[in-house]
Amino acid sequence: MSTEAADEPGEPATARGSVGVELGRRPLFYAVLGPFWAWLVVRWVHDWVLAPELNVTARETFFPTASLVAAGTTLRGAGAPAPVAGLLDWLAGGMDFVALGVEALPQLAAGAWATIVLTVVSILAGLVLAVPLSVARVYGGRAARYPALAVTELIRGTPLLAQLFVLYFGLGLTQYVREVPGVGVAVLPDTAVVVALIGFTINSAAYQSEYIRSALLSVDSGQLTAGRAIGLSKVDAIRHVVLPQGLRFAIPGWSNELVYLIKYSSLASFITVRELFFRAEEIGNATYRFVEVYTVAALFYIALVISASAVMSYVEGRVAIPGLGGKGRR
Amino acid sequence: MSLLRFEDVRQSYGAEEVLRGISFEMDRGDVEVVIGPSGSGKSTMLRCVNRLTEVDAGTIYLDGEAITTPDTDVNDLRRRVGMVFQDFNLFAHRTALGNVTLGLEEVLDYPREEARTEAMAQLERVGLADQADSYPAELSGGQKQRVGIARALAMDPELMLFDEPTSALDPELIGDVLAVMRDLAEEGMTMLCVTHEMGFARSAASTVSFLDGGQVVERGPPARLFESPANERTGEFLERLTSLHGGEQ
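Residues numbered from 1 in each chain as written. Chains lettered and ligands numbered in written order. Predicted model: local features only at pLDDT ≥ 70, side-chain atom pairs only at ≥ 80, totals over all residues. Heavy atoms only, no water.

**Digging into the sheet that holds strand β2 (residues 16-26) of chain B**
Residues and elements named next belong to chain B.
Part 1 of the reasoning: Taken in spatial order, the four strands make up an open sheet running β2-β1-β4-β5, and their pairing is antiparallel. The open sheet is flanked by β2 and β5 (65-66), the only strands paired with a single partner.
Part 2 of the reasoning: Note: strand β1 (residues 4-13) against strand β4 (residues 57-62), five bridges, orientation antiparallel. Bridge pairing links Glu7 to Thr59 in β4. (Pairing = 2+ DSSP bridges. Helix = DSSP H or I, 4+ residues; strand = E, 2+ residues; numbered from the N terminus.)

Printed below as a string of structure tokens:
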């Protein structure tokens, strides 16, 4: 499509069409992420449904590693001359690394599940809190604006780890959460996870409200005026006119918060949540091979972050409206 | 009884007195055109009618009832008084149809289907039924303004306020909007228009007011006011306007 044609009015399909084009242009991206997610899902289904009776800490891998380890040992003992021996050693080291990685995979998959739950639930619950917070900041009277400002600044001004410690150790939230029916049953999150979810939700709400606040401020004031002018109450005009636009403007910043949260969720390991980082540390402690296992964990985080960005990019394209910010901009 | 009556209306922004005692009345079906130099208070006067701007003193009556009192239901008032803006202010996230249905669904509580039918009828009225599914960014300025008119008409207002509806338009797009406004005037809609379209004022207005320095300097039928202005300032202003627009339209 020529640029000229794209500038012509009357082509609402452009924004949505570009998503399809993007998918087709990134085959490598999908060649890597596709198998990663397929494997994760198979792994989870296997662990929860097919073999839940197995000891969680000693899950079997899908790919046996004994032959890799044996090959590595053979290469090291081959007794070749100097430069070749070095190369063989390097190869053997690589095989050991892969073998450890593969053995760590079931554990990391379980950790990745916890990380995903922490991230997705917190970002969505945080959004539910962030919208009224930001609306109060922008459109509220003093009675709404100052408390919202105080909460936001308190949360953004203190370390997330400190907030988690206050909830977990300080307030002893666990004793109340433990009584909630359903907590820790089957695949439902256990007590520590719930406390972490509460902490991340509150923290993320504060940050998200800042993104949404600046997005709301970028909605032209004439929009609210026009809404009021047809007889909408202020609340209705904000709900039906300002928010649908503001939330679209907020998507890029909001995606940023999602990416942060994926990695910040590793702080939950400090309050005993067995998420991705916690699992990696466990394996490191057991094998003393921290570099290798943290490298594999880092690859997990990268895969999660790239996936999240892709999903948000897709969402942004789906909700795009011609002439209204983001991908619909002309 | 008059439909709209201003009684010594005053309004200030800080120390700046924008309206200095405006009094006039218009009957149902009247088309009042307000002209005047920029900063004379024309838009402020309009915005006082639907309380987008609050008056400091004086009273405005709509259909005999004071609407500038604290206990006036402003949402209901705004439902009864439609407004068309200089820069359109169409809801950017909604299609032309969606712009018209919002008020029907959320203010008048129409069911979805009925709102759609009514909105289509309003778009038909301004000649834009074929653009129902276009977003504002996909419409020309003239089309946007006509959607703005349809959006206001959908609320079945008793009075329509036009705040320089053609000032932001390219010259060749003005005609369509003025044609819609003329139709409305002929249908008997009561209209209070701030506009410098002399052709429209001449052919559609029942009365023209010249506003300067926050006061109605002169008021009368368009033919009389344009041909033989009684006030010196009115004459000067009309002269400048005519030379600027290159005469009649």
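**Remarks on the interface of chain B and chain A**
Part 1 of the reasoning: Each partner contributes to the interface: chain B provides 24 residues, whereas chain A provides 26 residues.
Part 2 of the reasoning: Across the chain B/chain A interface, buried area totals approximately 2,100 Å², and carbon plus sulfur atoms make up 64% of it.
Part 3 of the reasoning: Summed over the shared surface of chain B and chain A, the number is zero salt bridges.
Part 4 of the reasoning: One can count seven residue pairs in polar contact (both at pLDDT 80 or more) joining chain B with chain A.
Part 5 of the reasoning: Secondary-structure elements contributing two or more residues to the side of chain B that touches chain A are α2 (74-80), β6 (81-84) and α3 (96-106) of chain B.
Part 6 of the reasoning: In terms of residue count, α2 of chain B provides more of the side of chain B that touches chain A than any other element does, four residues in total. (Contact = heavy atoms within 4.5 Å. Buried area = accessible area lost by both parts, 1.4 Å probe. Salt bridge = Lys/Arg side-chain N within 4 Å of Asp/Glu carboxyl O. Polar contact = N/O pair within 3.5 Å; in protein donor to acceptor, adjacent residues only side chain to side chain.)

**Details of the sheet that holds β6 of chain B**
Residues and elements named next belong to chain B.
Part 1 of the reasoning: The strand order across the open sheet formed by six strands is β6-β7-β8-β3-β9-β10, and the pairing between neighbours is mixed. Every other strand in the sheet has two partners, leaving β6 and β10 (215-220) as the edge strands with one partner each. The average undirected angle you get between the axes of adjacent strands in this sheet is 20°.
Part 2 of the reasoning: Across four bridges, β6 lies against strand β7 (residues 159-163) in parallel orientation. Paired with Val81 across the strands is Leu159, a residue of β7. (Axes fitted to C-alpha atoms, helices over the stretch in contact; angles between N-to-C directions.)

**A few points about the packing of aromatic side chains**
All names here are of chain A.
Part 1 of the reasoning: Summed over the entire model, instances satisfying the criterion amount to 15 aromatic pairs over all chains.
Part 2 of the reasoning: Here the aromatic rings of Phe36 and Phe300 are separated by 5.5 Å at their centres, their planes lie at 80°, and the arrangement is edge-to-face. Here Phe300 lies in helix α13 (residues 290-318) and Phe36 lies in helix α3 (residues 27-50), a separation of 264 residues in the sequence.
Part 3 of the reasoning: Judged by its relative accessible area of 14%, Phe36 is buried.
Part 4 of the reasoning: Relative accessible area serves as the criterion here: at 4%, Phe300 is assigned to the buried category.
Part 5 of the reasoning: Ring geometry for Trp44 against Trp113: centres 5.0 Å apart, planes inclined by 65°, an arrangement best described as edge-to-face. Of this pair, Trp44 sits in helix α3 while Trp113 sits in helix α5 (residues 82-139); the two residues are 69 residues apart in sequence, bridging distant segments of the chain. (Phe/Tyr/Trp six-rings, centres within 6.5 Å; stacked < 30°, edge-to-face > 60°. Buried < 20%, exposed > 50% of the residue type's maximum accessible area, 1.4 Å probe, protein only.)

**Details of helix α7 (residues 160-170) of chain A**
All names here are of chain A.
Part 1 of the reasoning: What α7 keeps buried is the set Leu160, Gln163, Leu164, Leu167 and Tyr168. The arc that holds the buried residues of α7, viewed along the axis, is 120°, so those residues lie on one side. Turned more than 90 degrees away from the buried face of α7, the exposed residues are Phe169 and Gly170.
Part 2 of the reasoning: Downstream of α7 by one or two residues, Gly172 has phi in the positive range, about 60°. (Arc of directions from axis to C-beta.)

**Some words on the packing of α7 of chain A against helix α9 (residues 191-217) of chain A**
Residues and elements named next belong to chain A.
Part 1 of the reasoning: Closest axis-to-axis distance for the α7/α9 pair is 9 Å, and the angle between their directions is 135°. By the angle class used here, α7 and α9 are oblique. Of the two elements, α7 crosses α9, and the hand of that crossing is right-handed. Within the contact between the two elements, α7 uses Leu160, Gln163, Leu164, Leu167 and Tyr168 and α9 uses Ala192, Val195, Ala196, Ile198, Gly199, Phe200 and Asn203.
Part 2 of the reasoning: Classifying every residue of the contact of α7 with α9 by side-chain character gives nine nonpolar, three polar and no charged. (Parallel < 35°, antiparallel > 145°, perpendicular 65-115°, else oblique. Left-handed = near helix turned anticlockwise from the far one by under 90°. Nonpolar A, V, L, I, M, F, W, Y, C, P; charged D, E, K, R; others polar.)

**Some words on helix α6 (residues 171-186) of chain B**
Residues and elements named next belong to chain B.
Part 1 of the reasoning: Along its 16 residues, α6 runs 23 Å from first to last C-alpha, staying within 8% of the 22 Å computed at 1.5 Å per residue.
Part 2 of the reasoning: Within the sequence span of α6, burial applies to Ile174, Val177, Leu178, Val180, Met181, Leu184 and Ala185. Taken down its axis, α6 places every buried residue within 155° of arc, on the same side. Away from its buried face, by an angle of more than 90 degrees, α6 presents the exposed residues Glu172 and Glu186.
Part 3 of the reasoning: Buried-residue contacts for α6 involve β3 (31-35), α4 (112-125), α5 (141-153), β7, β8 (190-194) and α7 (198-204).
Part 4 of the reasoning: Backbone geometry just after α6 places Gly188 at a positive phi near 95°. (Expected span 1.5 Å × (residues − 1).)

**Let's talk about the pattern of salt bridges**
Part 1 of the reasoning: One pass over the structure, following the stated rule, counts 20 salt bridges over all chains.
Part 2 of the reasoning: Beyond isolated ion pairs, a larger network of salt bridges with shared partners links Arg137, Glu153, Arg156, Glu210 and Arg213 of chain A.

**Overview of the UniProt feature "domain: ABC transporter" (unreviewed entry) in chain B**
Part 1 of the reasoning: In the UniProt entry, the feature "domain: ABC transporter" (unreviewed entry) is given for residues 4-238 of chain B.
Part 2 of the reasoning: Counting secondary structure, residues 4-238 of chain B comes out at 38% helix and 26% strand; the distance between its end C-alpha atoms is 26 Å. (UniProt positions renumbered as here; feature names shortened; annotations may be inferred.)

**Some words on the confidence of the model for chain A**
All names here are of chain A.
Part 1 of the reasoning: Per-chain confidence: chain A averages 84 in pLDDT, with 87% of residues scoring 70 or above.
Part 2 of the reasoning: Here helix α1 (residues 3-7) stands out as the least confident element of chain A, with mean pLDDT 38; helix α10 (residues 221-229) is the most confident, with 95.
Part 3 of the reasoning: Within the model, the stretch residues 1-21 combines pLDDT values under 50 with 24 contacts to residues more than four positions away or in other chains. (pLDDT = per-residue confidence, 0-100.)

**Digging into unusual backbone geometry**
All names here are of chain B.
Part 1 of the reasoning: At Asp8, a position not held by glycine, the phi torsion is positive, near 50°.
Part 2 of the reasoning: Counting through the fold element by element, Asp8 comes out in strand β1.
Part 3 of the reasoning: Judged by relative accessible area, Asp8 falls into the partly exposed class, the value being 37%.
Part 4 of the reasoning: A positive phi angle, near 60°, is found at Asp109, a position not held by glycine.
Part 5 of the reasoning: For Asp109, a relative accessible area of 62% puts it in the exposed group.

**Digging into the side chain of Arg151 of chain B**
Residues and elements named next belong to chain B.
Part 1 of the reasoning: Topologically, Arg151 is positioned in helix α5.
Part 2 of the reasoning: Buried and unpaired, Arg151 has Asp87 as its nearest opposite-charge partner, separated by 8.6 Å.
Part 3 of the reasoning: One polar contact links the side chain of Arg151 to the main-chain carbonyl oxygen of Asn89, over a distance of 3.0 Å.
Part 4 of the reasoning: At a separation of 3.3 Å, a polar atom in the side chain of Arg151 contacts the side chain of Asn99. (Lys, Arg positive; Asp, Glu negative; His and termini not counted.)

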